[in-house]
Amino acid sequence: CDVEVPITVRVDNIGAIFMAENMQVSQRTKHIDTRLRFVNQYVDDGFIKIKFVGTNENDADLFTKNLGKDAHERHGGKLVGEKG
């Protein structure tokens with residue numbers, strides 16, 4: 001299976017992006033230290049690229065947030081192949 005590198009990971013959490021790109025462990029982040037190092041290494045090696053995506057572009061919000069009718073139809077339409 002051929003995979004194009006870097007894989008773009010779309011994230012809507014600025015704190016998560018900062019942690020993935022900057023390896024800093026503190027009392028508040030030590031419980032995720034192993035997973036953070038794994039992601040950070042892949043970012044440093046260029047295997048994954050983190051991209052910020054706002055609410056208007058984040059199709060996953062359909063599953064995680066209570067959206068208004070317009071946003072729900074826009075994101076839902078993209079899942080079934082409609083252009084949004």
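1. Observations concerning the overall build of the protein
Here is step 1 of the chain: Looking only at helices and strands, the protein has 4 helices and 2 strands in total.
Here is step 2 of the chain: Going from N to C terminus, the protein has its helices and strands arranged as β-α-α-β-α-α.
Here is step 3 of the chain: Counting all 84 residues of the protein, 21% fall into the buried class.
Here is step 4 of the chain: Partitioning the intrachain contacts of the protein with sequence separation of at least 6 by distance along the chain shows that 45% fall at a separation of at least 24.
Here is step 5 of the chain: About 6,700 Å² of surface is accessible on the protein, with carbon and sulfur atoms providing 52% of the total.

2. Notes on the nonpolar core
Here is step 1 of the chain: By size, the foremost hydrophobic cluster in this structure holds 6 residues: Val11, Ile17, Ala20, Val43, Ile48 and Ile50.
Here is step 2 of the chain: Among the elements of the structure, α1 (14-21) and β2 (48-52) are those that each provide at least two residues to this core.
Here is step 3 of the chain: Setting aside chain neighbours within four positions, we find valine 11 in contact with Ala16, Ile17, Ile50, Lys51, Phe52 and Val53.

3. Let's talk about the environment of phenylalanine 47
Here is step 1 of the chain: Considering the arrangement of structural elements, one finds phenylalanine 47 in the loop between α2 (33-45) and β2.
Here is step 2 of the chain: For phenylalanine 47, a relative accessible area of 40% gives the class partly exposed.
Here is step 3 of the chain: Taking C-alpha positions, phenylalanine 47 is 8.8 Å from threonine 8, a pair spaced 39 residues apart along the chain.
Here is step 4 of the chain: The contact partners of phenylalanine 47, leaving out residues within four places of it in the chain, are Val5, Pro6, Ile7 and Tyr42.

4. Focus: the environment of threonine 8
Here is step 1 of the chain: Along the polypeptide, threonine 8 turns up in strand β1 (residues 7-11).
Here is step 2 of the chain: Not counting residues within four places of it along the chain, the set of residues in contact with threonine 8 comprises Lys49 and Lys51.

5. Description of the pattern of salt bridges
Here is step 1 of the chain: Under the counting rule described, the total for this entry stands at 3 salt bridges.
Here is step 2 of the chain: As a salt-bridge pair, aspartate 12 and lysine 65 come within 3.6 Å of each other at their nearest N and O atoms. Of this pair, aspartate 12 sits in the loop between β1 and α1 while lysine 65 sits in the loop between α3 (61-64) and α4 (69-79), and the two are 53 residues apart along the sequence.
Here is step 3 of the chain: We classify aspartate 12 as partly exposed; its relative accessible area is 37%.
Here is step 4 of the chain: Here lysine 78 makes a salt bridge to aspartate 59, at a shortest N to O gap of 3.4 Å. Within this pair, whereas lysine 78 is found in helix α4, its partner aspartate 59 is found in the loop between β2 and α3, the two being separated by 19 residues in sequence.

6. Structural notes on the confidence of the model for the protein
Here is step 1 of the chain: Model confidence for the protein is summarised by a mean pLDDT of 84, while 89% of its residues fall at 70 or above.
Here is step 2 of the chain: Element-level pLDDT for the protein is lowest in α2, with a mean of 84, against a maximum mean of 94 in β2.

What counts and what doesn't
- Residues numbered from 1 in each chain as written.
- Predicted model: local features only at pLDDT ≥ 70, side-chain atom pairs only at ≥ 80, totals over all residues.
- Heavy atoms only, no water.
- Helix = DSSP H or I, 4+ residues; strand = E, 2+ residues; numbered from the N terminus.
- Buried < 20%, exposed > 50% of the residue type's maximum accessible area, 1.4 Å probe, protein only.
- Contact = heavy atoms within 4.5 Å.
- Areas by Shrake-Rupley, 256 points an atom, 1.4 Å probe, with all protein chains shown as cover.
- Core = buried A, V, L, I, M, F, W, Y, C linked by side-chain atoms within 4.5 Å.
- Salt bridge = Lys/Arg side-chain N within 4 Å of Asp/Glu carboxyl O.
- pLDDT = per-residue confidence, 0-100.

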